[in-house]
Amino acid sequence: MRAQLARVDAVIVQAVIAGALSFAHLHDLAEAAGQGGWKAWAYPISVDLLLVAAWRRMREQQRAGQPAGGARLWFLVALAASLGANVATAGLLDLDDVPASLRVVVAGWPAVAFFGGTLLAHTPRTPAPTVTPAPETPPAAARDEPHRELLPEPSPEPEPAAEPITAPAPAPSAPAVSLPPALVDRVRALAEEHRATTGRPADPDHVRVRLGLPPSMTASVAAHL
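What you are looking at is a predicted structure, and each value in this text was computed from that prediction instead of being measured.

J.: Before we go on, may I ask you to explain the overall build of the protein chain in this structure?
T.: Scanning the protein chain for helices and strands turns up eight helices and zero strands. In the protein chain, the succession of α and β elements from N to C terminus is α-α-α-α-α-α-α-α. The contacts in the protein chain between residues at least 6 apart in sequence include a share of 60% that link residues at least 24 apart. Surface exposure of the protein chain reaches about 17,000 Å², of which carbon and sulfur atoms provide 64%.

Spelled out as structure tokens, the structure:
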């Protein structure tokens, strides 16, 4: 436990020292580039905040399985600004005579940092995929329990017997109309001719058709056959 606390304390101390040195280097470079007063103190805060924000967003996107190219780009930009200030203040640059190009870079840094911070802040966050729990397996005792007997289904009630449909009584046929004697003789002659030709009794409809009588006279013709 003590070893772990000592390791954590050493990491914190190292982070504080490195942060203080980087903060001082950025302040000195901004002040040498013409950004005096409170502005020289705001530059290191802007660089370090962009560095930390880009690192956190990059780790979140990697943990969620998303591409982290944008966050990695802004992390490298902030890291380059911090390292550049550290190298520039190591005696390689005359802080009393800063070149114009470096003054332009320092003056344009607030716009770059604001643009990068806005993109990082408005990057949509995708929630981590939820893991659907597997269905619970019933215990062995529940699986081995015999199935309960199903209750018999109630038998359907018998439907009432349908009343028999009585066919309507046939309408009484119209009484046969008496034929004149001449026509009766003609009916009988045709019937005899049909019997002699075919060997079968004549059909009343056939006889009626040959006489040219209407269908209503079929019963009268049949009465005389």
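J.: Looking at this model, I keep getting lost on the nonpolar core. Mind explaining?
T.: General note: in soluble globular proteins, nonpolar side chains tend to be found buried as a group. Leu50, Val106, Trp109 and Leu120 are the most contacted members of the largest nonpolar core, which totals 25 residues. When residues of this core are traced back to their parent elements, those giving at least two are helix H1 (2–32), helix H2 (38–63), helix H3 (69–92) and helix H4 (100–121). Per-element tally for this core: the top contributor is H2, with seven residues. If we skip the residues at most four places from it in the chain, Val106 touches Ala30, Ala33, Gln35 and Tyr43.

J.: What is the right way to look at the side chain of Arg57 in this model?
T.: Structurally, Arg57 can be placed in helix H2. A relative accessible area of 7% means that Arg57 is categorised as buried. A distance of 2.5 Å separates a polar atom in the side chain of Arg57 from the backbone oxygen of Leu120.

J.: How should the packing of H2 against H4 be read in this particular structure?
T.: In a packed pair of helices, the relevant descriptors are the angle between the two axes and the axis-to-axis distance. Where H2 meets H4, the closest approach of the two axes is 10 Å, and the angle between their N-to-C directions is 30°. The orientation of H2 with respect to H4, classified from their angle, is roughly parallel. Between H2 and H4 lies a crossing whose hand is left-handed. Along the contact surface, H2 presents Tyr43, Ser46, Val47, Leu50, Ala53, Ala54 and Arg57, while H4 presents Val106, Ala107, Trp109, Pro110, Ala113, Gly116, Gly117 and Leu120.

J.: What is the right way to look at the packing of H2 against H3 in this model?
T.: Interhelical geometry of H2 versus H3 gives an angle of 150° and a closest axis separation of 8 Å. It follows from the interaxial angle that H2 and H3 lie roughly antiparallel. The crossing of H2 and H3 is left-handed. The residues of H3 that touch H2, namely those facing Val47, Leu50, Leu51, Ala54, Trp55, Arg57, Met58, Gln61 and Gln62, are Ala71, Arg72, Trp74, Phe75, Ala78, Leu79, Ala81 and Ser82. Its residues assigned to classes, the contact of H2 with H3 comprises twelve nonpolar, three polar and two charged.

J.: What is the right way to read a nonpolar patch on the surface from this model?
T.: Side chains of Val13, Ile17 and Leu21 sit close together on the surface and give an oily, nonpolar patch of about 270 Å² of accessible area. Of note, Val13 is situated in helix H1.

J.: Explanation requested: the confidence of the model for the protein chain in the structure shown.
T.: For any part of a model where pLDDT is low, the fine detail of the predicted coordinates should not be relied upon. Counting all residues, the mean pLDDT for the protein chain is 76, and 72% of those residues have values of 70 or more. Note on residues 169–175: pLDDT under 50 across the span, and zero contacts to partners over four residues away in sequence or across chains.

J.: Sorry, what's going on with the side chain of His27 here?
T.: Its place among the elements puts His27 in helix H1. Beyond its immediate sequence surroundings of up to four residues, His27 is in contact with Ala40, Trp41 and Pro44.

J.: Looking at this structure, how should I read H4?
T.: Every α-helical turn comprises 3.6 residues, leaving residues that sit three or four positions apart pointing alike. Helix length check: H4 (22 residues) gives 32 Å between terminal C-alpha atoms against 32 Å at 1.5 Å per residue, within 8%. Roughly 40° is the biggest bend found in H4, and it falls at Trp109, with proline Pro110 one to four residues downstream. Within the span of H4, buried status applies to Leu102, Val106, Trp109, Ala113, Gly116 and Leu120.

J.: In this structure, what is going on with the pattern of salt bridges? I would like to understand it.
T.: Pairing between side chains becomes possible if they bear opposite charge and their charged atoms approach one another. Counted according to the given criterion, the structure contains one salt bridge. With a shortest N-O distance of 3.5 Å, Glu60 and Arg57 are connected by a salt bridge. Placement of both Glu60 and Arg57 in helix H2 is noted, with a separation of three residues, approximately one turn of the helix. Glu60 gets classed as partly exposed once you look at its relative accessible area, which sits at 27%.

J.: What exactly am I supposed to notice about the packing of aromatic side chains here?
T.: Aromatic ring pairs: the centre-centre distance and the angle between the two ring planes describe each pair. Applying the stated rule across the entire model yields three aromatic pairs. Judged by centre distance (5.9 Å) and plane angle (70°), the ring pair of Trp74 and Phe115 falls under edge-to-face. Taken together, the positions of Trp74 in helix H3 and Phe115 in helix H4 put the pair 41 residues apart, joining distant regions of the chain.

Conventions and cut-offs
Residues numbered from 1 in each chain as written. Predicted model: local features only at pLDDT ≥ 70, side-chain atom pairs only at ≥ 80, totals over all residues. Heavy atoms only, no water. Helix = DSSP H or I, 4+ residues; strand = E, 2+ residues; numbered from the N terminus. Contact = heavy atoms within 4.5 Å. Areas by Shrake-Rupley, 256 points an atom, 1.4 Å probe, with all protein chains shown as cover. Core = buried A, V, L, I, M, F, W, Y, C linked by side-chain atoms within 4.5 Å. Buried < 20%, exposed > 50% of the residue type's maximum accessible area, 1.4 Å probe, protein only. Polar contact = N/O pair within 3.5 Å; in protein donor to acceptor, adjacent residues only side chain to side chain. Axes fitted to C-alpha atoms, helices over the stretch in contact; angles between N-to-C directions. Parallel < 35°, antiparallel > 145°, perpendicular 65-115°, else oblique. Left-handed = near helix turned anticlockwise from the far one by under 90°. Nonpolar A, V, L, I, M, F, W, Y, C, P; charged D, E, K, R; others polar. Patch = residues over 30% accessible without salt bridge, like charges linked within 9 Å, V, L, I, M, F, W, Y side chains within 5 Å. Salt bridge = Lys/Arg side-chain N within 4 Å of Asp/Glu carboxyl O. pLDDT = per-residue confidence, 0-100. Expected span 1.5 Å × (residues − 1). Bend = angle between axes of the 7 residues up to and from the residue. Phe/Tyr/Trp six-rings, centres within 6.5 Å; stacked < 30°, edge-to-face > 60°.

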